Amino acid sequence: MSRSTIRRRREAGDLPNAVQDEARGWLIPVGDLLAAGFRLNAPAGPDSPDVPAVDSVAGGGGPHRQEHGHGQGDDGAVLRAELERVRHEHALAVAEAEHGRLLAEAEAAHLRAQLGARAEQLAAQAGHIADLQQTVRALMPAPERSDWGRPRGTAAGLNPDMPESGTPCWGAALAASRPGRSFGLLT
């Protein structure tokens, strides 16, 4: 693996436990490298320069032990690396779940605030509508006010005893309005 590949993966967040040492450069835990899918080989000793110790298959195929004559010690390293990878995956899953919970709580609080603001708007609009309805009722004429100038029993303000010629018959109207008294007819 090249330095640029490791740098890109580190910058992408695939190696979260990597730390920079002033003297030695970047220190990256083996577990992070395995979790990121890198293949690791043990450093070659002076006797066997081309023999790899651990080979991790990228893409989740799981680690396996290659035959190189070291036996149980390599199995322990592979198991520790696998344990570290699983711990890292678990920590990521827990962090992701916590982040999701916090996002859901924030969204719920935001929606509650919006609902409260909308309820206040509706209450203000209801008060405004009630004011407008009261204003319209005040501007409309009352039925008894519009009939004050007309004699009873007429719709257009004309006397029902009026002759068809259009001349008013005031005496008949007065006689009808005051029973028991007689008035002369004025025509």
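The preceding data block contains the structure.
All figures in this text were calculated on a predicted structure; none of them were measured in a lab. (Residues numbered from 1 in each chain as written. Predicted model: local features only at pLDDT ≥ 70, side-chain atom pairs only at ≥ 80, totals over all residues. Heavy atoms only, no water.)

Enquirer: Go over the overall build of the chain with me, naming the residues and quoting the values.
Expert: Check the secondary structure of the chain and you find five helices and four strands. The N-to-C order of helical and strand elements in the chain reads α-β-β-α-β-β-α-α-α. Restricting the contact set of the chain to residue pairs at least 6 apart, pairs at least 24 apart contribute 17%. Working note: accessible area of the chain is about 14500 Å², and carbon and sulfur atoms make up 57% of it. (Helix = DSSP H or I, 4+ residues; strand = E, 2+ residues; numbered from the N terminus. Contact = heavy atoms within 4.5 Å. Areas by Shrake-Rupley, 256 points an atom, 1.4 Å probe, with all protein chains shown as cover.)

Enquirer: Tell me about the packing of aromatic side chains, and please be specific about residues and values.
Expert: Under the definition given, this model contains zero aromatic pairs. Above the face of the Phe38 ring, Arg9 is positioned so that its terminal group lies 5.0 Å from the ring centre. Here Arg10 stacks its cationic end above the ring of Trp26, 3.8 Å away from the centre of that ring. (Phe/Tyr/Trp six-rings, centres within 6.5 Å; stacked < 30°, edge-to-face > 60°. Lys NZ or Arg CZ within 6 Å of the ring centre and 35° of its normal.)

Enquirer: Provide a residue-level description of the side chain of His88, including the pertinent values.
Expert: Relative to the assigned elements, His88 resides in helix 3 (residues 72-139). The buried category is assigned to His88, whose relative accessible area is 11%. Ignoring sequence-local partners within four residues, the contact set of His88 consists of Pro16, Asn17, Asp32 and Ala35. (Buried < 20%, exposed > 50% of the residue type's maximum accessible area, 1.4 Å probe, protein only.)

Enquirer: With reference to specific residues and values, describe the pattern of salt bridges.
Expert: Applying the stated criterion across every chain yields a total of seven salt bridges. With a closest N to O distance of 2.3 Å, Glu82 and Arg85 form a salt bridge. With Glu82 and Arg85 both in helix 3 and three residues apart, this pair spans about one turn of that helix. Of the charged contacts, one joins Arg85 and Glu89 as a salt bridge, the two residues approaching to 2.3 Å between their closest N and O atoms. Highlighted residues: Arg85 and Glu89, both in helix 3, separated by four residues, approximately one helical turn. Looking at Glu89, the relative accessible area reads 41%, which means it is partly exposed. Sharing partners across several salt bridges, the network here consists of Glu82, Arg85 and Glu89. (Salt bridge = Lys/Arg side-chain N within 4 Å of Asp/Glu carboxyl O.)

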